[in-house]
Amino acid sequence: MSTIHLRQTTTSTPEQFIAGLTDFGPDRSKLFGNSTDEYLKVHHRGPSQADVTEGSNGIWERLHYEWSDPNRVVMKTTDSNIWGGASGHTYTFTRRPDGTTDLDAVVVREGKNIKGRVLGFVLGLFGERVLGGELAKTVKAIEARQSRR
């Protein structure tokens, strides 16, 4: 099992970032490169939780999103073709006095089959660089979205 810790600072508020994380509409892949429209299926959405399948490139996972805490989003893997039940993502937001937000993301990957175990091992070695690059793209996309509004 691999646990990857990522940190970014953004000009987006926690509310703006959570709005991006929980926008399951078309073109989600513009915010999240690993979530393409062909895999996206919203099974249920409530005011502070959702049950969503998403993925890309032959890898998918069904996630239970929970965002009742205005400074935290927890995404727990409930099903996947490669990730086990300990997998998921947690985003924690801390407002800074200068108006920016510190974003702390923790990604846990437990492989449930050989493909998942190999990919989990690789992410353990290179995940901070690879997933950190993806997070930086997401941060920029959410910031750009806010500047257009």
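The rules behind each value
- Residues numbered from 1 in each chain as written.
- Predicted model: local features only at pLDDT ≥ 70, side-chain atom pairs only at ≥ 80, totals over all residues.
- Heavy atoms only, no water.
- Helix = DSSP H or I, 4+ residues; strand = E, 2+ residues; numbered from the N terminus.
- Rg over C-alpha atoms; globule rule 2.2 N^0.38 Å.
- Buried < 20%, exposed > 50% of the residue type's maximum accessible area, 1.4 Å probe, protein only.
- Contact = heavy atoms within 4.5 Å.
- Areas by Shrake-Rupley, 256 points an atom, 1.4 Å probe, with all protein chains shown as cover.
- Lys, Arg positive; Asp, Glu negative; His and termini not counted.
- Charge placed at Lys NZ, Arg CZ, Asp CG, Glu CD.
- Arc of directions from axis to C-beta.
- Phe/Tyr/Trp six-rings, centres within 6.5 Å; stacked < 30°, edge-to-face > 60°.

Colleague: Before we go on, may I ask you to explain the overall build of the protein in this structure?
Modeller: For the protein, the count of helices and strands is two helices and seven strands. For the protein, the N- to C-terminal ordering of α and β elements is β-α-β-β-β-β-β-β-α. Taking 15 Å as the expected radius of gyration for a compact globule of 149 residues, we find that the protein reaches 15 Å, a close match to that expectation. By its C-alpha atoms, the protein is 45 × 30 × 25 Å across when sized along the principal axes. The burial tally for the protein puts 43% of its 149 residues in the buried class. A separation threshold of at least 6 residues defines the contact pool for the protein, and within that pool the share at least 24 residues apart is 47%. When the accessible surface of the protein is split by element, carbon and sulfur atoms take 53% of a total near 7,900 Å². The distance from the centre of the 20 positive side-chain charges to the centre of the 18 negative ones in the protein is 2 Å.

Colleague: Looking at this structure, how should I read helix H1 (residues 14-21)?
Modeller: Given 3.6 residues to a turn, an α-helix orients residues that are three or four positions apart in the same direction. Those residues of H1 not exposed but buried are Pro14, Phe17, Ile18, Gly20 and Leu21. The arc enclosing the buried residues of H1, seen along the axis, measures out at 155°, which places them on a common side. Of the surrounding secondary structure, the elements contacted by the buried residues of H1 are strand E4 (59-66), strand E5 (72-80), strand E6 (88-95), strand E7 (101-109) and helix H2 (114-148).

Colleague: I keep staring at the packing of aromatic side chains and nothing clicks. Help me out?
Modeller: Two numbers describe a pair of aromatic rings. These are the distance of the centres and the angle of the planes. In total, this model carries three aromatic pairs according to the counting rule given. Geometrically, the ring pair formed by Phe17 and Phe93 is tilted, given 5.6 Å between the ring centres and 55° between the ring planes. Residue Phe17 is located in helix H1, and its partner Phe93 is located in strand E6; the two are separated by 76 residues in the primary sequence. Of the two residues, Phe17 and Phe93, both sit in the buried class. With centroids separated by 4.9 Å and ring planes inclined at 80°, the aromatic side chains of Phe24 and Tyr65 adopt a geometry described as edge-to-face. Of this pair, Phe24 sits in the loop between H1 and strand E2 (41-45) while Tyr65 sits in strand E4; the two residues are 41 residues apart in sequence, bridging distant segments of the chain. For the pair Phe24 and Tyr65, a shared accessibility class is recorded, and that class is buried. An aromatic cluster is defined as three or more aromatic residues linked by ring pairs; in this entry it consists of Phe17, Tyr91 and Phe93.

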